[in-house]
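Given next are the chains, with one letter for each unit.
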Amino acid sequence: MGKQDGPGRELNAYERVLAEDRRVVREMFRVSIGGAHAGFVITVFIVVLFAAIGGTVWALIVGGVVAFWFAVALIAVVGGGRRGWAAVKRAYLLTFGWAGWL
């Protein structure tokens, strides 16, 4: 009897450990839309704070950096095959989802 290949076969000990490690890493880096909304609010607050303290120029610089990061994320997501609102949502999560880890 030969080895079975494919999704129905039983994993050996090494493959089970790798699968568990991958599951843990995916869970650790998972972001939610709620965390992204919180990140957006924090970012807007920081841009307003820069505008109040440092002036309009600093607010435009910080806002421009965030907008640039969103544009890069959107280009990467579209390059990965997502389209439309799914691409915008994924870029939003990539840009502002960091707040879910706070």
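Remember, predicted model here, so these are calculated numbers, not experimental data.

Engineer: Looking at this structure, I do not really get the overall build of the protein chain. What am I missing?
Structural biologist: The helix and strand tally for the protein chain stands at four helices and zero strands. Along the protein chain, helices (α) and strands (β) appear in the sequence α-α-α-α when read from the amino end. On C-alpha atoms alone, the protein chain measures out to a radius of gyration of 20 Å, which is more than a quarter above the 13 Å that the 2.2 N^0.38 rule sets for 102 residues. Expressed as a percentage of its 102 residues, the buried residues of the protein chain come to 15%. Across the protein chain, every contact between residues at least 6 apart in sequence was considered, and the portion connecting residues at least 24 apart equals 59%. Only carbon and sulfur atoms are counted for the fraction: they give 70% of the accessible area of the protein chain, which is about 7900 Å².

Engineer: Where do I start with the packing of helix α3 (residues 56–79) against helix α4 (residues 84–96) in this structure?
Structural biologist: Each pair of packed helices can be summarised by the angle the axes make with each other and by the distance between the axes. Between α3 and α4, whose axes approach to 8 Å, the crossing angle comes to 135 degrees. One finds that α3 runs oblique with respect to α4. Two packed elements cross with a definite hand, and for α3 against α4 that hand is right-handed. When α3 is examined against α4, the residues V66, W69, F70, A73, L74, V77 and V78 are found in contact with a partner set consisting of A87, V88, R90, A91, Y92, L94, T95 and F96. Of the residues that constitute the contact of α3 with α4, the class distribution is 13 nonpolar, one polar and one charged.

Engineer: Teacher, can you tell me more about the packing of helix α2 (residues 33–54) against α4 here?
Structural biologist: For the pair α2 and α4, the least separation of the axes is 8 Å and the interaxial angle reads 60 degrees. By the criterion of interaxial angle, the relationship of α2 to α4 is oblique. When the axes of α2 and α4 are compared, the crossing they make is left-handed. Facing α2, whose interface residues are I33, G35, A36, H37, G39, F40 and T43, α4 presents K89, Y92, L93 and F96.

Engineer: Looking at this structure, how should I read α3?
Structural biologist: Spacing of three or four residues puts side chains on the same side of an α-helix, whose turn is 3.6 residues. An ideal rise of 1.5 Å per residue puts 34 Å on 24 residues; α3 measures up with 34 Å between its terminal C-alpha atoms. Looking only at α3, the buried set comprises A59, A73 and V77. Tucked into the core, α3 has its buried residues touching α2 and α4. Phi for G81, located one or two positions after α3, is positive at around 115 degrees.

Engineer: Would you explain the environment of L11 in this entry?
Structural biologist: Along the chain, the position of L11 falls in the segment before α1 (13–28). Among the residues examined, L11 registers a relative accessible area of 34% and is labelled partly exposed. Considering only alpha carbons, one finds L11 and R82, 71 residues apart in sequence, at a separation of 32 Å.

Engineer: Would you explain the confidence of the model for the protein chain in this entry?
Structural biologist: Detailed reading of the predicted model is not advised wherever pLDDT is low. Here the protein chain averages 87 in pLDDT, while 92% of its residues score no lower than 70. For the protein chain, per-element mean pLDDT is lowest for α1, which scores 83, and highest for α3, which scores 94.

Quick notes on the rules
- Residues numbered from 1 in each chain as written.
- Predicted model: local features only at pLDDT ≥ 70, side-chain atom pairs only at ≥ 80, totals over all residues.
- Heavy atoms only, no water.
- Helix = DSSP H or I, 4+ residues; strand = E, 2+ residues; numbered from the N terminus.
- Rg over C-alpha atoms; globule rule 2.2 N^0.38 Å.
- Buried < 20%, exposed > 50% of the residue type's maximum accessible area, 1.4 Å probe, protein only.
- Contact = heavy atoms within 4.5 Å.
- Areas by Shrake-Rupley, 256 points an atom, 1.4 Å probe, with all protein chains shown as cover.
- Axes fitted to C-alpha atoms, helices over the stretch in contact; angles between N-to-C directions.
- Parallel < 35°, antiparallel > 145°, perpendicular 65-115°, else oblique.
- Left-handed = near helix turned anticlockwise from the far one by under 90°.
- Nonpolar A, V, L, I, M, F, W, Y, C, P; charged D, E, K, R; others polar.
- Expected span 1.5 Å × (residues − 1).
- pLDDT = per-residue confidence, 0-100.

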